[in-house]
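# A look at the structure
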Amino acid sequence: MIVHSPLKVVLASRNVGKLREFAELLPDIQVVPWPADAPELPETGAFFQDNALQKAEGARAWWLAHGTEPVDGVLADDSGLCVDALWGGPGVLSARFAPDLPAYRDKIRRLLAMLPEGAVRTARFVCVLAYAPLQAPPFTISGSVEGSLALEPRGESGFGYDPIFLPEGHDHTFGELPAETKHSLSHRARACQALWRRLLGEGM
Ligand code: ITT
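Throughout, a residue's number is its position along its own chain's written sequence, starting from 1. Under the rules for a predicted model, residues below a pLDDT of 70 receive no local features and side-chain atom pairs below 80 are neither given nor counted, while totals for whole chains, interfaces and linings still include all residues. Side-chain calculation: all heavy atoms of the structure are included, whereas hydrogens and water are not.

Looking now at the nonpolar core. As a rule of thumb, soluble globular proteins bury nonpolar side chains together. Put simply, a nonpolar core is a bunch of buried Ala, Val, Leu, Ile, Met, Phe, Trp, Tyr and Cys residues held in one set by side-chain atoms that sit within 4.5 Å of each other. Using a 1.4 Å probe on the protein chains alone, a residue whose accessible area is under 20% of its type maximum counts as buried, one over 50% counts as exposed, and one in between counts as partly exposed. One finds Val 10, Trp 34 and Trp 63 to be the most contacted residues of the largest nonpolar core, which totals 22 residues. The way it works is that DSSP assigns letters per residue, a run of H or I at least four long becomes a helix, a run of E at least two long becomes a strand, and they are numbered from the N terminus. At the level of elements, helix 2 (48-66), strand 3 (73-83) and strand 4 (122-133) are the ones that each hand at least two residues to this core. The greatest single-element share of this core, amounting to six residues, is contributed by helix 2. Apart from residues lying up to four places away in sequence, Val 10 is in contact with Val 32, Trp 34, Trp 63, Val 71, Gly 73, Val 74 and Leu 75. Counting 21 residues, the second largest nonpolar core, distinct from the first, contains Phe 97, Phe 125, Leu 149 and Ile 164. Any pair of residues with heavy atoms lying within 4.5 Å of one another is described as a contacting pair.

With respect to the helices and strands, the residue Glu 146 is situated in strand 5 (residues 139-149). You can call Glu 146 partly exposed: its relative accessible area is 33%. Polar contact criterion, stated in full: a pair of N or O atoms within 3.5 Å, where within protein one must be able to donate a hydrogen and the other to accept it, and residues adjacent in sequence count only if both atoms are side-chain atoms. Within the structure, Glu 146 has its side chain in polar contact with the side chain of Arg 124 (distance 2.9 Å).

Taken together, 21 residues lie around the ligand, and Ser 13, Lys 55, Tyr 104, Asp 162 and Lys 182 are the ones closest in. A distance of 2.7 Å separates a nitrogen atom of the ligand from a polar side-chain atom of Asp 162. Among the secondary structure elements, those contributing two or more residues to the shell around the ligand are strand 3 and helix 5 (187-201). Per-element accounting of the shell around the ligand gives the leading share, four residues, to strand 3. Polar here means any residue outside two lists: the nonpolar Ala, Val, Leu, Ile, Met, Phe, Trp, Tyr, Cys and Pro, and the charged Asp, Glu, Lys and Arg; Gly therefore counts as polar. A class-by-class count of the residues in the shell around the ligand yields five nonpolar, seven polar and nine charged. What makes a residue near a molecule or strand is one non-hydrogen atom of that residue sitting within 4 Å of it.

Sheet topology note: the strand 4/strand 5 ladder contains ten bridges and is antiparallel. Bridge pairing in strand 5 links Ala 123 to Gly 147. The rule for pairing is simple: two strands pair if DSSP sees at least two bridges between them. Count of turn residues in the strand 4/strand 5 antiparallel hairpin: five residues. Bridge count for strand 5 against strand 6 (residues 165-167) is three bridges, and the pairing is antiparallel. Residue pairing for strand 6: Leu 149 is matched across the bridge by Phe 165.

The next point concerns unusual backbone geometry. Most peptide bonds adopt trans geometry, and most residues besides glycine take a negative phi value. Put simply, Gly 89 and Pro 90 share a cis peptide bond, and its omega is -10°. Inspection of the secondary structure assignment puts Pro 90 in the loop between strand 3 and helix 3 (104-114). Positive phi values are uncommon outside glycine, yet Trp 87 reaches one of about 50°. If you trace the backbone, Trp 87 turns up in the loop between strand 3 and helix 3. Non-glycine residue Ala 98 carries a positive phi angle of around 50°.

Pasting the structure below:
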């Protein structure tokens, strides 16, 4: 049941790129950012779904004890870039790939350099959302977008690996395409659409 109108949800994430996208993708939900003084949320699973649930449940437990305002639930996102020629990597380790290189332009260059000569360049972005209502069991919902890796980074839009991801059917990377185009087909957009349908369906 919706306690607040609009639905008010804590986003258990420190990624500002995700935060910006959720605000745009879920305009009917009031998104409360994860507080600066809240703890880092562990993500030790082998799969996106495990990590999304771990973050949502950890954040809900913390919010129930320390939250500064009433909310309807907690939302977490575990996502990443899965490259076929790298056996699906960096996948769940996308945020932790090449930790010696903090800047994404350097991580991207290393990732491209790891592709063997002539390797197939197909890849996909995957997003698993976990939603934990404050007083009901959590659930997960996922979205993905197929594509391929550009030969070199292009564009400044978005975040993370966007400058090298060419969504299927497009000649431009997510770094070059306008946000509206990314939001019409991205992994996160598809997961958000499914989440919104489910929340509406359950009258939450
Ligand atoms: P939180 O756990 O605090 O949410 P995080 O960045 O650590 O932030 P993840 O563990 O889910 O989150 O890692 C996701 C990484 O995958 C992210 O840091 C990017 O490198 C990449 N990624 C996910 N979605 C992306 C997108 O839409 N565009 C570009 N890169 C993306």
